[in-house]
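Remarks on the overall topology
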Amino acid sequence: MGSRRALRRTRRMAGFASRVVAFVGFAAICGFGSGTGLAATQAGVAAAVSGEITVQPDDRSAARQASSGMPIYVLDRIQSRDAAQMQVLLL
């Protein structure tokens, strides 16, 4: 009887350990804890730009004029003037 309980407890702990390892692996891939992991993740590419559109990176560096082919990152701030348009192809 006691060995069955021990076996169940061992299996439960093994399941918990595998979930922890999976989460840590996911966090490492996403860059959590590195400070720049999410900001450095590319979300897409500017495909068609018309009018005045600026893109400011999350690190508060200077805004850049958007152009076709420019990478767009997850936390970028995009601002447009009246009648400006931009198509972003998501990855």
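Residues numbered from 1 in each chain as written. Predicted model: local features only at pLDDT ≥ 70, side-chain atom pairs only at ≥ 80, totals over all residues. Heavy atoms only, no water.

Re the overall build of the chain
Along the backbone of the chain there are 1 helix and 6 strands. Reading the helices (α) and strands (β) of the chain from amino to carboxyl end gives α-β-β-β-β-β-β. Burial status across the chain gives 14% buried among its 91 residues. Contacts in the chain between residues far apart in sequence, at least 24 positions, make up 55% of those at least 6 positions apart. (Helix = DSSP H or I, 4+ residues; strand = E, 2+ residues; numbered from the N terminus. Buried < 20%, exposed > 50% of the residue type's maximum accessible area, 1.4 Å probe, protein only. Contact = heavy atoms within 4.5 Å.)

Thoughts on the sheet that holds strand β2 (residues 53–56)
Pairing is antiparallel in the open sheet, where 3 strands are placed in the order β3-β2-β5. Here the strands that pair on one side only, and so sit at the sheet edges, are β3 (64–65) and β5 (77–80). Where β2 meets β5, 4 bridges bridge the pair, whose relative direction is antiparallel. Across the sheet, valine 55 pairs through a bridge with isoleucine 78, a residue of β5. (Pairing = 2+ DSSP bridges.)

Structural notes on the pattern of salt bridges
Under the counting rule described, the total for this entry stands at 1 salt bridge. For the salt bridge of glutamate 52 with arginine 81, the shortest nitrogen-to-oxygen distance reads 3.5 Å. Highlighted residues: glutamate 52 in the loop between β1 (42–50) and β2 and arginine 81 in the loop between β5 and β6 (85–90), separated in sequence by 29 residues. Take arginine 81: its relative accessible area is 55%, and that puts it in the exposed class. (Salt bridge = Lys/Arg side-chain N within 4 Å of Asp/Glu carboxyl O.)

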